[in-house]
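# Close look at the chain arrangement
In case you want the letters, here they are:
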Amino acid sequence: QPPQDYLIGLDGSLFQVVCETLESAGCWQGEIRLKCQEGRLVPSWVAISVVRERNDRVKHYVSIFSDMTERKEAQERIEFLAHHDPLTGLPNRLLLRDRVEQAQAHAARVQSRIALMYLDLDRFKTINDSLGHPVGDVLLKEVVERLKSCVRDSDTISRQGGDEFIILLNDIRDSEAVSRVADKIHQRMAEPIVLENHLLTTSFSIGVALYPDDGGDFDSLLQKADTAMYHAKEAGRNGHRFFTEQMNLQVVEHLTLETRLR
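Bear in mind the structure is a predicted one, so any value in this text is a computation, not a measurement. (Residues numbered from 1 in each chain as written. Predicted model: local features only at pLDDT ≥ 70, side-chain atom pairs only at ≥ 80, totals over all residues. Heavy atoms only, no water.)

### What to know about the packing of aromatic side chains
Short version of the rule: Aromatic contacts are taken between Phe, Tyr and Trp rings whose centres are within 6.5 Å, Trp giving its six-membered ring; a plane angle under 30 degrees counts as stacked, one over 60 as edge-to-face, and the others as tilted. Only DSSP runs of H or I with at least four residues qualify as helices, and only runs of E with at least two residues qualify as strands; both kinds are numbered from the N terminus onward. Relative accessibility thresholds used throughout: buried, under 20% of the residue-type maximum; exposed, over 50%; partly exposed, between the two (1.4 Å probe, protein chains only).
For the coordinates displayed, the defined rule picks out 1 aromatic pair. Ring geometry for phenylalanine 165 versus phenylalanine 204: centroids 6.1 Å apart, planes at 85 degrees, classification edge-to-face. Here the residue phenylalanine 165 occupies a position in strand β6 (residues 164-172), and phenylalanine 204 occupies one in strand β9 (residues 204-211), the gap between them amounting to 39 residues. Comparing phenylalanine 165 with phenylalanine 204, the two get one shared label, buried.

And the structure:
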């Protein structure tokens with residue numbers, strides 16, 4: 001049998017499979033962890049071949065090792081970017097959808113509510129256009145840190161792109177609990193932000209939709225929270241609004257009127 005001391009990634013059962021494969025096929029290859037001289041475990045692709053004498057007796061084993069560290073890191077980076085915003089590291093819409101669906105299933109079991117808060121950063125375009133995109137990126141990162149201080153670890157903050165964010169609040173008893181979170185966000189955003197000798201002030205317009213009151217799936221909740229956010233912005237910004245069916249009727253009426261006018 002080949003020595004097992006350097007095949008760190010093989011447990012007893014897998015090592016037995018390797019030995020049986022070498023005996024029957026004369027070669028084996030697969031991914032295992034190898035211990036380097038510094039004691040670090042390195043993910044590696046290993047190919048082992050049997051070298052036999054003329055009488056078919058095993059003379060020795062030949063192994064070829066390929067370090068897969070960079071490949072593994074690249075795969076992990078790709079997987080991370082598939083579910084996260086590259087600037088802030090926050091979950092993107094794909095990951096948010098999955099978490100909302102899990103939160104909905106839990107809320108249905110325990111008879112609780114969840115809330116989707118749709119946040120739009122007021123006057124961000126003015127800041128971005130006047131001071132440049134690098135300053136805008138730094139501002140967004142600072143805004144994210146302030147948002148994190150306003151929610152629980154069990155909640156989720158997601159960036160939708162640009163200056164729009166969505167917060168998922170789990171296990172909400174009533175709308176008052178959501179209002180307290182929104183008020184906390186408004187208070188934190190009222191504090192000036194100093195960036196490159198510029199004293200900046202900004203705020204959030206926030207729309208809220210509740211499950212199961214306003215919708216039973218991610219798309220409908222997102223749409224209604226978005227509608228409520230625009231009403232908050234039209235009301236003067238730096239505020240929050242809960243979705244009502246009247247808002248939806250107004251949106252439909254405006255769209256119908258615009259279509260007929262065109």
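### Things to note about the pairing of β9
Put simply, the rule is: Strands are labelled as partners when DSSP assigns at least two bridges between them. By convention, a crossover is right-handed whenever its connection, traced from the first strand over the helix to the second and viewed with the strands pointing away, goes clockwise.
For β9, the buried fraction is high: 8 of the 8 residues fall into the buried class. Residues Phe204, Ile206, Val208 and Leu210 point to one face of β9 and Ser205, Gly207, Ala209 and Tyr211 to the other, with burial holding for every one of them. Strand direction decides the pairing type here: strand β4 (residues 113-121) and β9, joined by 8 bridges, are antiparallel. For isoleucine 114, the partnering residue across the bridge sits in β9 and is tyrosine 211. Regarding topology, helix α7 (residues 218-234) serves as the crossover connection from β9 to the parallel strand β10 (residues 240-242), and that connection is left-handed.

### Concerning the pattern of salt bridges
To be explicit about the condition: Only one rule defines a salt bridge in this text: a Lys or Arg side-chain nitrogen within 4 Å of an Asp or Glu carboxyl oxygen.
Taken as a whole and judged by the stated rule, the model has 12 salt bridges. In this structure, aspartate 120 and lysine 233 form a salt bridge, with 2.7 Å as the shortest nitrogen-oxygen distance. Note that aspartate 120 is positioned in strand β4 and lysine 233 in helix α7, a separation of 113 residues in sequence. Like aspartate 120, the residue lysine 233 is buried in the burial classification. Put simply, glutamate 145 and lysine 148 hold a salt bridge, and the shortest N to O gap is 3.8 Å. Of this pair, glutamate 145 and lysine 148 are both found in helix α5 (residues 133-148), 3 residues apart, which corresponds to roughly one turn of the helix.

### Quick notes on the sheet that holds strand β1 (residues 27-35)
Definition in use: Each axis is a line fitted through C-alpha atoms, taken for helices only over the stretch in contact, and angles between the N-to-C directions span 0 to 180 degrees.
The 3 strands lie next to each other as β1-β2-β3, forming an open sheet whose pairing is antiparallel. Each edge of the open sheet is held by one strand with a lone partner, namely β1 and β3 (58-67). Across the sheet, the axes of successive neighbouring strands diverge by a mean angle of 30 degrees, strand direction being ignored.

### A few points about the environment of alanine 232
Counted only if it meets this: Contact definition: two residues touch when any of their heavy atoms are within 4.5 Å.
Of note, alanine 232 is situated in helix α7. When its relative accessible area of 3% is taken as the criterion, alanine 232 is described as buried. For the pair alanine 232 and valine 178, spaced 54 residues apart in sequence, the C-alpha to C-alpha distance is 15 Å. Leaving out residues up to four positions away in the same chain, alanine 232 has contacts with Ser205, Ile206, Arg237, Gly239, His240 and Arg241.

### Let's talk about the nonpolar core
Here is the rule we go by: Throughout this description, the term nonpolar core refers to a set of buried Ala, Val, Leu, Ile, Met, Phe, Trp, Tyr and Cys residues connected via side-chain atoms within 4.5 Å.
Judged by nonpolar contacts, the single largest core of 33 residues is most densely connected at Met117, Leu119, Leu147, Ile167, Leu169, Ile185 and Phe204. With residues up to four places along the chain from it excluded, the contact list for methionine 117 reads Phe165, Ile166, Ile167, Leu169, Val178, Val181, Ala182, Ile185, Ile206, Gly207 and Val208. Residues Ala103, Ala107, Leu116 and Met229 belong to the second largest nonpolar core, which totals 16 residues.

Worth remembering: the numbers are spatial, not functional.
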